[in-house]
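Results of the structural survey
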Amino acid sequence: MRIFRWGYLLPRLAILCVLWAASEHGTAWLLKWSITSAGPALTGARVDVAETRASLLHTRVAIKGLEIADPDQAMQNLASVELVELNLDTAALLRKQAVVNHGIIRGLRFGTARETSGELPPTEAVAPRATRSHVARDATAQAAAYAANWLADVEKKLSLDARGQFESVRLAEELAAKWPAECESLSAAAKLLKSGVEQLTVETKAANQNPLRNAEFLRALPGRVKSLQQQTQDLQARLQELPGLVEADRQRVIAARERDERFIRDQLSVEALDASDLTAYLLTEQLDGPVRELVEWLGWARKIIPSKGQAPKFERSRGENILFAGVKRYPDVLVRTIDLHGVAQVGGRPLEIAGTLTDFTTEPQLHGQPLRLRLVTQGPLPIQVQAVIDRTRETPRDELLAVCNGLAIPGMSLGKPEHMSLAVSQSTAALQIALLLDDEKLTGNIELVQKSVDITPHLAQRLGTPEIQQALTASLGRVNEISTQVVLTGTLAKPQVQISSTLGPTMQNALHSTVVAVIDRQRERILASARAQTEQHLTAMRSTVDSLTAEVAPLLAQPEQMLAKLLGPDLAQPFSAEQFGRLPAGSLFK
Amino acid sequence: MSFLFTPLRQFAGALLGNDSPRQLAAGVTLGMMLGLVPKGNLIAVALGMLLFGLKVNRSAGMVAAVLFSAIGTFTDGFTHRIGKDVLETAWLQGAFVAIYDMPLGPWIGFNNTVVMGSLLLAIYLSYPCYWFSAFSFEALQPKVAAYLRRYRVTRVLLGLQLTTKWQEA
């Protein structure tokens, strides 16, 4: 009996061969579908593939025209690759593992333009590359704000004219206006008194000619004389009090002047400016972007290659897969080595890059080796980049080292034009970056040494006194090299940045002492002006009083004598017998 | 068109006595095994190849496979326990490791509890299934054949078979 029906089997074997051939294309299609559908979940933007080729027979995969869109810029690619060729390990495939012993990535480029938008539809959109870090809102930003406020405060102080607010000046002006009126009043009173006394003298003389007829007048005369004497004495007393009153007013003005001086000293005092604050003011805006970009790349790497337990698993839905004791487990996907060739834009110019990516796997804890990326540029600008992404331990650890010598830094403006800015010329720099993200703890150090730099200070109009401008220009003219260090701490979600630079202390030395000296002089000038004004008013006041005294004293002395005469012996016996018509004793005639 | 109706035609032919009851029973048994075992592994592929490669009634097998696939989902809990007990048996570990470490070992899928449990259940049920099916077909085939011949659909299907045979000739 024939067990096998060959007539039945052979056509099916032929169909199987056709299916096998189709599977070559089917696998390629499946690969393309897997990349374009799973890629967006990882990158947060579209992932496009132009063409894929896969051969199960030769265990080889080729991907052409791979484009990973930038989640932050829809019309730009994060990275694009012309060709990816992967040679799969056949034995590993038979063990249900995709192991790439060697692969090549050609035509790797970053930041290329896209023809279509890389934005995902709203339903598929995932979080962007990383949440915007608050680098600019930490202590560095506060320090920069402090320095900006300091400069604004200095500008305000340099343009301050507080003379209108001086109490001493206002008081001296008031007194200077008051005393002439007072003196005028005294002078008028003295003159009136004198004329009164003169009038009384004349009337008295006339009355004495005919005493009987003017008996009433003569009887009232002593009272009137005494009244005038009293007025004279009052005026004299007021005249004598004048120096004392003037002195009291002068003391009030002096006291007010002391208060004014204290006020102006408070107003025109300059707080100490820390060099680190000035560094932050000058460099925070320039460094914030690149530092944030670096931190975002770390966050992106952390998201793309998640830590243990976060990797997507495609478990069988029915039952449980038993891991037999003694079976050595290998990762399902492992890329041992991939050679990278491409072009990167550094400092605005394209550079050829070459490198290797090793030990990429979906299950790093099984593999036991961290992912390593080494990139080296070829050409006039040597850059070395090494990244280690370690997911082999309980806590993820990412490390990035980059060294670049001869980096061309374009000319730039540091600081804010509305206060003070520095125009830094084009220069070459040595850059070293060392970043470590251990679990969530971020530590990093970025050093940038710029050589052959020319720095020109630009000051706001109010701040730009020739003295400050000259001091800064002279101080910065001696600077030929700027060394800047950025220290990163904190966490990935909340990085802390500390910036230090040789620029800050240089500026601080030149700026602070000059500004303090200029403001001191400004203060002394204002005070001297106020003093001069008050002294002028006080002198005028004193001279007014002196001239009044000189004028009024004689006016009062004359009536006094005249009144004394009026109060002479005639007034002692105002109505004698003779005056009433009786002959004096011993007189022969009546 | 003929290709599409082939399974129905063969099943009708089987019921009408074209295949022996033993061939029908073997087809049902293999179909039962294929239906119970989860797909996507080499065990299921091998069972499918046996069904299509051996001289058994594949129509009966396919009907049985569909039927037992539906039943199989309800037996997952039971087969999972069987499979887990077997796969965790200490003295079998060496053999399992050796099989797993062989090329294509992980593709076999035997390390899955439901696959192993359902395979063992299918093997356990295979002889009773074969015996019961053979007995049933021997007893029922003449009556069913007489019943089916009365229907035009059956005659059309048989006519298609004859046409096919004539074309092959």
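Residues numbered from 1 in each chain as written. Chains lettered and ligands numbered in written order. Predicted model: local features only at pLDDT ≥ 70, side-chain atom pairs only at ≥ 80, totals over all residues.

A few points about the overall build of chain A
A count of helical and extended segments in chain A gives ten helices and 16 strands. In chain A, which comprises 590 residues, the proportion classed as buried is 28%. Counting contacts in chain A only where the partners sit at least 6 residues apart, residues at least 24 apart contribute 71% of the total. (Helix = DSSP H or I, 4+ residues; strand = E, 2+ residues; numbered from the N terminus. Buried ≥ 20, exposed ≤ 12 C-beta atoms within 10 Å, placed from the backbone. Contact = placed C-beta atoms within 7 Å.)

Re the interface of chain B and chain A
Contacts between the two partners involve 25 residues from chain B, matched on the other side by 19 residues from chain A. The set of elements that each furnish at least two residues to the side of chain B that touches chain A consists of α3 (42-53), α5 (76-87), α6 (93-101), α7 (105-108) and α8 (113-149) of chain B. Across the side of chain B that touches chain A, the residue classes break down as twelve nonpolar, eight polar and five charged. (Nonpolar A, V, L, I, M, F, W, Y, C, P; charged D, E, K, R; others polar.)

A word on the sheet that holds strand β14 (residues 455-459) of chain A
All names here are of chain A. Taken in spatial order, the three strands line up as β10-β11-β14 in an open sheet, and their pairing is antiparallel. One side of each edge strand has no neighbouring strand; the edge strands of this open sheet are β10 (412-416) and β14. Here the strands of the sheet are splayed against their neighbours by 20 degrees on average, with no regard to which way each runs. Here β10 runs beside strand β11 (residues 420-424); their pairing, made up of five bridges, is antiparallel. Looking at β11, one finds that Gly-415 is bridged to Ser-421. (Pairing = 2+ DSSP bridges. Axes fitted to C-alpha atoms, helices over the stretch in contact; angles between N-to-C directions.)

Here we look at the confidence of the model for chain A
Averaged over chain A, the pLDDT score is 81; the fraction of residues at 70 or greater is 89%. The lowest-confidence element of chain A is helix α10 (residues 569-572) of chain A, averaging 52 in pLDDT; the highest-confidence one is strand β8 (residues 383-390) of chain A, averaging 92. (pLDDT = per-residue confidence, 0-100.)

Structural notes on the pairing of strand β9 (residues 397-409) of chain A
A regular strand carries its side chains on alternate faces of the sheet. Residue and element names in this part refer to chain A. In this sheet, β9 lies alongside β8 in antiparallel orientation, the contact comprising eight bridges. Counterpart to Ile-383 in the pairing with β9 is Cys-404. As consecutive antiparallel partners, β8 and β9 are separated by six residues. Examined bridge by bridge, β9 and strand β12 (residues 427-438) share eleven bridges and lie antiparallel to one another. Considered in β12, the bridge of Leu-407 is made with Ala-429.

Remarks on the pairing of strand β3 (residues 77-88) of chain A
Residue and element names in this part refer to chain A. When strand β2 (residues 60-69) meets β3, the two strands line up antiparallel, connected through nine bridges. Note on β3: the bridge partner recorded for Val-61 is Leu-86. Here eight bridges tie β3 to strand β4 (residues 98-110), and the two strands are oriented antiparallel to one another. Note that in β4 the partner of Ala-79 across the bridge is Phe-110.

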